[in-house]
Each structure stands twice: as structure tokens, then as C-alpha cells.
Amino acid sequence: MQLNRFDNIQEFWHCTQAYLLQHQVENNVLLSILHTLLHNPERYLSKPYLAIVQTSGEIGAVAIRTPPQKLILSKAQNMDALQLIAQDLRQEQLPGSMGLAKEVEIFSQIWQALTGQFYQRSVVMKIYQLTAVQRVSTARGYLRLATEGDRSLLIKWLSAFLSEIDEAVSEDVEHQVDNRLKQQNTYFWVNSTPVSVASSKQVLPTIGRINLAYTPPEYRRKGYATACVAVRTYAKLHAVGAIYELPLREIRAFTAFLRKSWQC
């Protein structure tokens, strides 16, 4: 069993895509980040960690990290591969890891044994497969694309969003906002003034993600998030006629919307 690091994202994608696409739902977050590295590399300020573990040419696990973010683990075909990943990173200051529950638990146990650092589960996520969006009562207002004039508001709201989901508000929030504006993938729900925001992107023909959904406390429980996310999702789904995947963590404030509006 051998671990290989990559510096070239194209080479890494060529080596891993077939493996990752075998379980594209489980690997949707990892695939989303790889899509960004391939098509929008300026989004990340630091050099990414790209690694695969192989035995006789067969991939056992894939790992990526875009500092200062957490390590992301693929679905593992061989749990022993996680030992090599942990050993390779043992000198690094990892803020945590993400992945399927079994893989992350095993990796965390190995990490604790290697480094003496304790770990605890912080956030539990679920993945929903979307095949249809039911029409729901729309809140007052309308959807509009975020523009450069919204930059300061987006910085404020993105920082608040990251704090609410227990993610560190990193120094590159302004860079993230500038990149979202450049990609034109972030939308406000407006009722006289912006009251909710959602951002989405297509990763593959069968995978899309909502990677920001936020409503300030003073505007919550008025249906704004429901309207904002539903309109964006309906447009995206029917534009490609495909499945849309999203982590529940990123919309956990909107579980009522999920119960009413999504067929899973």
C-alpha cells in the first residue's frame, strides 16, 4: 500500500475521477471542491493537499484539503488506507476532518493515537437526493443576482453563516465573496431590502450543491429562505434535468422547508 501526493490538479483528477464517480453522492463535497480547483482555482489562496492511497494500482481512499479548511476524505474501499493518510499529515495542524461517519471515526482514532490530540464529533450531516421540487407558497419579494454593490453585506452575512455552523471565520472571507460575485452564483431574496441569500453551483451533470443558505435572525420564520432556495433549486434542476445533492449542514436552519418542499 502506497500514498501518492499530487501537485497537478489535472493529473489528480485523471487518476481519481473514475473512483470518485463510483460513489458520487457520498463524494459530492469532495467532487465539488475538485470542480472548483479545476475550473476556478483562484478561489483558494493556499496550495491544496491532494493524495491517494493505492494497492497494486487500485485506489483505497482519496483525501484533499484546501488550507485552512478541514481534511476531506472520500468513501474508502480499504480502511487501512486512512492510516497512511494520517501518518502523512501527522506534522500538520489539522482543524478537523470531514467524510462518511465510519471513515472519519477511524481516521480520528488513528490521528489521536499518532498525535495524542483528542477529537470529538462536532457536526453531523446528511445528504438528500433531490429529484423534484414541489411548488410552495412564495414569500413576498423576488430573487435577484448579487452584485458588486452587495459586497459588504455578503461579507457580513457569510461571516455570520460560518459562525452559526461552527466554522472558523477565516481571513479569506473577503476573497470568498469576491469569487462568488465573479462566478455570479449567489442570489438574494429581496423584500424592499435583501432578507435572505443562497448560492449554488453545478458540479457535474448529476450533481449540484447549495453551499450557502442564510437568513439573518431578524428576517427568519417569514418564508424568505424557503422562497430563495426553492426558486434557485427549481431553476437549476429543470435546467439540467438532473439530481441535485446538498449537505443538510448547510441548510440546517431550514428543515421545515425540506419537509414541505423536497421529495427524497
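Residues numbered from 1 in each chain as written. Predicted model: local features only at pLDDT ≥ 70, side-chain atom pairs only at ≥ 80, totals over all residues. Heavy atoms only, no water.

**Observations concerning the packing of aromatic side chains**
Here is step 1: Inspection of the entire model under this criterion finds 4 aromatic pairs.
Here is step 2: Ring geometry for Phe 6 and Phe 12: centres 5.4 Å apart, planes at 65°, overall edge-to-face. Across the pair, Phe 12 and Phe 6 agree in class, each one buried. (Phe/Tyr/Trp six-rings, centres within 6.5 Å; stacked < 30°, edge-to-face > 60°. Buried < 20%, exposed > 50% of the residue type's maximum accessible area, 1.4 Å probe, protein only.)

**Some words on the pattern of salt bridges**
Here is step 1: For the structure on display, the rule yields 8 salt bridges.
Here is step 2: One salt bridge connects Glu 174 with Arg 151, and the closest N-O pair in it is separated by 3.3 Å. In this pair, Glu 174 sits in helix α6 (residues 173-183) while Arg 151 sits in helix α5 (residues 151-164), placing the two residues 23 residues apart along the sequence.
Here is step 3: Look at the salt bridges and you will find they share partners, linking Arg 151, Glu 174 and Asp 178 into a network. (Salt bridge = Lys/Arg side-chain N within 4 Å of Asp/Glu carboxyl O. Helix = DSSP H or I, 4+ residues; strand = E, 2+ residues; numbered from the N terminus.)

**Quick word on the sheet that holds strand β4 (residues 71-73)**
Here is step 1: With mixed pairing, the 5 strands of this open sheet are ordered in space as β1-β2-β3-β4-β5. Both edges of this open sheet fall to β1 (2-5) and β5 (97-98), since each of them pairs with a single strand only.
Here is step 2: Relative to β4, strand β3 (residues 58-65) runs antiparallel, the two sharing 2 bridges. Note on β4: the bridge partner recorded for Ala 63 is Leu 73. (Pairing = 2+ DSSP bridges.)

**Some words on unusual backbone geometry**
Here is step 1: Cis peptide bonds are those with omega within 30 degrees of zero, and the linkage from Pro 67 to Pro 68 qualifies with 10°.
Here is step 2: For Pro 68, the location among the structural elements is in the loop between β3 and β4.
Here is step 3: With phi around 55°, Ser 56 is a residue other than glycine that occupies positive phi space.
Here is step 4: If you trace the backbone, Ser 56 turns up in the loop between β2 (49-55) and β3.

**Looking at the nonpolar core**
What tends to happen in soluble globular proteins is that the nonpolar side chains get buried as a cluster.
Here is step 1: If you look at the biggest cluster of nonpolar residues, it comprises 23 residues, and the most contacted ones within it are Phe 12, Leu 20, Leu 34, Leu 50, Val 62 and Ile 64.
Here is step 2: Contributions of two or more residues to this core are made by α1 (9-21), α2 (28-39), β2, β3 and β9 (193-204).
Here is step 3: Here this core gets 7 residues from one element, more than from any other, and that element is α2.
Here is step 4: Counting residues in each nonpolar core, the second largest holds 18 residues, with Leu 3, Ala 76, Leu 82 and Phe 107 among its members. (Core = buried A, V, L, I, M, F, W, Y, C linked by side-chain atoms within 4.5 Å.)

**A few points about the pairing of β3**
Here is step 1: Burial of β3 is extensive: 7 of the 8 residues sit out of reach of the surface.
Here is step 2: Where β2 and β3 come together, 7 bridges link them in antiparallel fashion. Looking at β3, one finds that Leu 50 is bridged to Ile 64.
Here is step 3: Following β2, the chain reverses through 2 residues before pairing antiparallel with β3; Ser 56 in that reversal takes a positive phi of roughly 55°.

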